[in-house]
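This is what each chain is made of:
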Amino acid sequence: MARKLTPRIVTADEVSDILTPSEAPAPRLSRRPAPGRLRTRANFADVILSLWTEAEENFLAIGRYLNHAKTVLEHGEFMAMVDRDLPFRYSTANRLMKVAAAIDDGLLPTDSLPPSYATVYEMVLLNPEEREQAAAQGLFRPDIRRQDIINFKKQLRAVTLPDLAAERTELARLEAERARIDMRIAELREMLRIA
């Protein structure tokens, strides 16, 4: 649930900074028809796809703005902004920041990422070797689900137990040998008691 935003007084210098063009790309906001005006499957699909693409671009832009804010704001101000002024928690901000940084650093192929920052964040958590394997298996694609990446990581990181068949065979052999030795010891003790 989004937190209620509280207004704050902005100084003239802050207004100037806010209005100065940024290096980060602005989110694309398109005019779209009202839902009641749409009649065909194709019309709905076009508008929904456009909105979904905008959401993806906005998540990336939010991450970039957060990364920039963290470098610009004075110590403590960034966390205060996230805690008090934004409609999400620090964990979400951190994920958005990591996604934006990974994309900006070229760690992930931007042309084939899913439109969900949570899914892309799971991709960010892959180490370089795992990213190579994911790319080789075609996991960097727009329709991949977050759970698919999680399952991929679990599969790669699962501790594989060695084949213990040889050890089981050796154990059975040793136990049989011990039983034979115990029986021979018992025989010898009996012979020595009689003699």
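Residues numbered from 1 in each chain as written. Predicted model: local features only at pLDDT ≥ 70, side-chain atom pairs only at ≥ 80, totals over all residues. Heavy atoms only, no water.

Caption draft 1: Spatial organisation of the overall build of the protein. A count of helices and strands for the protein gives eight helices and zero strands. Secondary structure of the protein in N-to-C order comes out as α-α-α-α-α-α-α-α. By residue count, 23% of the 195 residues in the protein fall in the buried class. Looking at the protein alone, contacts between residues at least 24 apart form 56% of all its contacts between residues at least 6 apart. Of the roughly 14900 Å² of accessible surface on the protein, a fraction of 58% belongs to carbon and sulfur atoms. (Helix = DSSP H or I, 4+ residues; strand = E, 2+ residues; numbered from the N terminus. Buried < 20%, exposed > 50% of the residue type's maximum accessible area, 1.4 Å probe, protein only. Contact = heavy atoms within 4.5 Å. Areas by Shrake-Rupley, 256 points an atom, 1.4 Å probe, with all protein chains shown as cover.)

Caption draft 2: Local environment of helix α3 (residues 77-85). Considered for burial, the residues of α3 that qualify are F78, A80, M81 and V82. The secondary structure elements touched by the buried residues of α3 are α2 (41-72) and α4 (90-104).

Caption draft 3: Highlighting the packing of aromatic side chains. By the definition in use, this model includes one aromatic pair. Centroid distance F59 to Y117: 5.1 Å. Interplanar angle 50°. Geometry classified as tilted. On the criterion of sequence distance, the pair formed by F59 in helix α2 and Y117 in helix α5 (residues 117-124) is long-range, its members being 58 residues apart. F59 gets classed as partly exposed once you look at its relative accessible area, which sits at 30%. (Phe/Tyr/Trp six-rings, centres within 6.5 Å; stacked < 30°, edge-to-face > 60°.)

Caption draft 4: Looking closely at the layout of surface pockets. Taken as a whole, the second largest pocket holds about 190 Å³ of empty space. Along its surface, the second largest pocket is lined by 14 residues, and E56, L60, I103, L113 and P114 are the ones closest to its centre. When residues of the lining of the second largest pocket are assigned to their parent elements, the largest contribution, four residues, is made by α2. Looking at the lining of the second largest pocket residue by residue, the classes come out as 10 nonpolar, two polar and two charged. (1 Å grid on protein atoms, 1.4 Å probe; cavity = no way out; pocket = protein on both sides within 12 Å on 5 of 7 lines; lining within 4 Å. Points joined across faces, edges and corners; volume = space filled by probe spheres on them. Nonpolar A, V, L, I, M, F, W, Y, C, P; charged D, E, K, R; others polar.)

Caption draft 5: Local environment of helix α6 (residues 128-136). Those residues of α6 that fall on the buried side of the exposure criterion are E130, R131 and A134. Looking down the long axis of α6, one finds its buried residues gathered within 100° of arc, a one-sided arrangement. Exposed residues on α6 whose side chains face more than 90 degrees from its buried face are E129, E132 and A136. Where α6 is buried, its residues contact α5 and α7 (146-157). At the N-terminal boundary of α6, the capping side chain belongs to N127, with an oxygen 3.1 Å from the backbone nitrogen of E129. One or two positions beyond α6, positive phi appears at G138, with a value near 75°. (Arc of directions from axis to C-beta. Polar contact = N/O pair within 3.5 Å; in protein donor to acceptor, adjacent residues only side chain to side chain.)

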